[in-house]
Amino acid sequence: MSETLYGPSIVADTLNTSNVSISLDSLKQWPYLLPSTSNAATITAGLTRLANTYLNAQGGPFWSNLNSYSSIAAYSNYSGSVVLQDGRVVLAPNGGTNVGIFNPATNSLATLSGITNVSYWYCGCALFPDGRVGVVPWNSNNIGIYNPVTNTWTTFSSVGGTQNYQYQGGCMSSNGLFVMAPYRATNIGMYNPATNTFTTFSGVGSGSDYYNGAIPLPDGRIVFSPYTSGYLGIFNPVTLAFSSVSTSSAGGGYHGGVVIPDGRVVFCPLAITNIGIFNPLTNSFTTVLSGAFTGGYDGAVALPDGRVVFISAGATNTGIFNPVTNSFTTISGAPGANAFWGASLVPDGRIICTPRSSTTIGIISMSPSVPITYCLNPLFNKG
C-alpha cells in the first residue's frame, strides 16, 4: 500500500557559505560613538544631517511658529538638570534640601527630601553610564549622587579642599569620568563612578569664579566656559593635557555653553552683551551680535535643528540664536530676577527650565518630538 503526495516536493535549501556584507550607515550611529579624534568627523556629520532633516521638513524649521512659554508651580533652589532614561528630569539642589524629579508625562514634580544643605552646596550635574546622577560640589566637599532606581541620595566625601565654591558645572568624559569645571578651585575635579575614586588635575591657574560650565566636544576634549576669566579652558581627560584660548576680554561673562552641529561651541551670555563662539578646528574664539541684548541668560540648550536656546536668568525672555544666520530672536514670558539656572530638552520637544529663584518650572514648547538618543547623549545631557 502506498501514499500519494499532494503538493510540491520538498527541495533542500541552498546554503551560501561565502562572506555576507551588510552596508552600515555610520552617520546614523553618531549617538553611540565614543567622542574621540577619530570619531569627531562622523559625530559632527551625523549632527549636521540631523539638523538638515529638521530644517528641510515642510520647507524649514517646522517648529518655528510653535514657540511658546508657560510655567508650572514648583519649588525653587535648584541649579542644573539632566534627563533620565525614562524621560524624567532630575533637578540638582542648590541651597535647598531636596532633589527635584520632574515628570514631563504628567507635568508633576516629586522631591526627595532630607538632604543636608547650606548655602548653595551644589551646582550642575551629569548622568552616569549606570543611570545614577552625579551632582557637582560647589560650596561643598561632597559629590552628590542620586539613584533614580532606589530613589536615594548618597555622597562621596573625599573631594578635599574647602567649602569655597570649588566647582561649577560638569559633564561625562569619553573615558567615563565625571569632570567638574574649576570655579575657584585650582584644579579640575574628576570622579570615577565605576571605581568610586576622585582625582584632580592641577595647573589650571587660580582666580575668583574662573569657569562655570563644562562642554564636551566630539573629539573627546572638554571646554570650560569662562566667567570672570579672559580665557576659556580646554581639557583632555585622556591625556591629562590643559590649554587655554583668549577671549579678548578681561572677563568672559559666559555661563555654560553647547556644541552645535558643525562642531563649534556656543557660549551663553550671562554678564556680557555678545555671544561667544569657539572653533576647535582652528582653536579660535570669536563673538557675534555685540550689543544686541543685555545678557542675563544662564544655560544653553542645543536644538536638533541647530539653533541654541538661552535660558532666562535676569532676562525677561528666552533667547534663540541661529548660528547659521547669526540671528537672535526671543520668546517673551520669562520672569527674570535670577529665575532659572540651566534647562533640559525632553523627548516630547519641550525645554524644562530649572528654577533657581523662581517658584515655577519654566516650560518652553518647541515641538515636535526629539529622539531620546539625542536627549540622553552626553554632549547635551549635562547641567
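Scroll up for the structure.
What counts, and at which threshold
- Residues numbered from 1 in each chain as written.
- Predicted model: local features only at pLDDT ≥ 70, side-chain atom pairs only at ≥ 80, totals over all residues.
- Heavy atoms only, no water.
- Helix = DSSP H or I, 4+ residues; strand = E, 2+ residues; numbered from the N terminus.
- Buried < 20%, exposed > 50% of the residue type's maximum accessible area, 1.4 Å probe, protein only.
- Contact = heavy atoms within 4.5 Å.
- Salt bridge = Lys/Arg side-chain N within 4 Å of Asp/Glu carboxyl O.
- Pairing = 2+ DSSP bridges.
- Axes fitted to C-alpha atoms, helices over the stretch in contact; angles between N-to-C directions.
- Phe/Tyr/Trp six-rings, centres within 6.5 Å; stacked < 30°, edge-to-face > 60°.
- Lys NZ or Arg CZ within 6 Å of the ring centre and 35° of its normal.
- Core = buried A, V, L, I, M, F, W, Y, C linked by side-chain atoms within 4.5 Å.

Participant: Help me out: how do you make sense of unusual backbone geometry in this one?
Facilitator: A negative phi angle is the norm for most residues apart from glycine, just as the trans form is the norm for most peptide bonds. The backbone of N151 shows a phi angle near 55°, a positive value even though the residue is not glycine. Within the fold, N151 resides in the loop between β8 (143–147) and β9 (152–156). We note that N338 has phi near 60°; this positive angle belongs to a residue other than glycine. Note on N338: relative accessible area 30%, which makes it partly exposed.

Participant: Hey, could you run me through the side chain of T247 in this one?
Facilitator: Here T247 lies in the loop between β17 (241–246) and β18 (254–259). Given a relative accessible area of 5%, T247 falls into the buried group. Excluding residues within four positions of it along the chain, T247 makes contact with P226, S229, G230, Y231, L232, G252 and F285.

Participant: What is the right way to look at the pattern of salt bridges in this model?
Facilitator: For side chains bearing opposite charge, pairing can occur when the charged atoms are close. The tally for this structure, following the rule as stated, stands at 6 salt bridges. Between D262 and R264 there is a salt bridge, with the nearest N and O atoms lying 2.9 Å from each other. As a salt-bridge pair, R307 and D305 come within 2.9 Å of each other at their nearest N and O atoms. As far as burial versus exposure is concerned, R307 and D305 are alike and both buried.

Participant: What is the right way to look at the sheet that holds strand β11 (residues 178–182) in this model?
Facilitator: Hydrogen bonds between backbone atoms are what pair the strands of a sheet, whose relative direction is either parallel or antiparallel. The antiparallel open sheet is built from 4 strands, whose spatial order is β10-β11-β12-β13. The open sheet terminates on both sides in strands that have one partner only, identified here as β10 (167–172) and β13 (197–202). Going from strand to strand, the sheet's axes swing by 25° on average, the running direction of each strand aside. Here 3 bridges tie β11 to strand β12 (residues 187–192), and the two strands are oriented antiparallel to one another. Within β12, the position partnered with F178 by the bridge is Y191.

Participant: Help me understand the environment of V258 in this model?
Facilitator: As for its placement among the helices and strands, V258 is situated in strand β18. Its relative accessible area of 2% is what places V258 among the buried residues. Once the C-alpha coordinates of V258 and I277 are considered, the two residues, 19 residues apart in sequence, prove to be 9.8 Å apart.

Participant: Would you take a moment to explain the packing of aromatic side chains for this structure?
Facilitator: Aromatic rings considered in pairs are described by the distance between their centres and by the relative angle of their planes. Considering all chains together, one arrives at 21 aromatic pairs under this definition. These aromatic residues form a ring-pair network of at least three members: F201, Y210, Y211, F224 and F235. In this structure, R356 packs its charged tip against the face of W341, placed 5.3 Å from the ring centre.

Participant: Is there a simple way to think about the nonpolar core in this case?
Facilitator: Nonpolar side chains in soluble globular proteins tend to be buried together. Core analysis: the biggest nonpolar cluster contains 43 residues, and I275, V309, F310, I311, I351, I364 and Y374 have the highest contact counts within it. Every residue in contact with I351, bar those within four places of it in the chain, is listed here: V301, L303, V309, I311, A343, S344, L345, G362, I363, I364 and M366. Core analysis: the next-biggest nonpolar cluster, separate from the first, contains 16 residues, L112, W121, C125 and L127 among them.

Participant: Can you walk me through the sheet that holds strand β15 (residues 222–226) in this structure?
Facilitator: Spatially, the 4 strands line up as an open sheet ordered β14-β15-β16-β17, and their pairing is antiparallel. A strand with exactly one partner marks an edge of an open sheet, and here the two such strands are β14 (211–216) and β17. When strand polarity is set aside, the average angle formed by the axes of neighbouring strands in this sheet is 25°.

Participant: How should I be thinking about the pairing of strand β20 (residues 275–279) in this particular structure?
Facilitator: Within β20, 4 of the 5 residues are buried, which leaves it mostly tucked inside the rest of the structure. One ladder, built from 3 bridges, connects strand β19 (residues 265–269) with β20; its direction is antiparallel. Bridged to V265 within β20 is F278. Hairpin connection between β19 and β20: a loop of 5 residues separates the two successive antiparallel strands. In terms of strand pairing, β20 meets strand β21 (residues 284–288) through 5 bridges, oriented antiparallel. For G276, the partnering residue across the bridge sits in β21 and is T287. A loop of 4 residues connects β20 with β21, the two strands running antiparallel in sequence, and N283 in this loop sits at a positive phi of about 55°.

Participant: Explain the side chain of N274 here, please?
Facilitator: Its location among the elements puts N274 in the loop between β19 and β20. Each residue touching N274, except ones within four places of it in the same chain, is listed here: Y254, P269, T287, V288, L289, S290 and F293.

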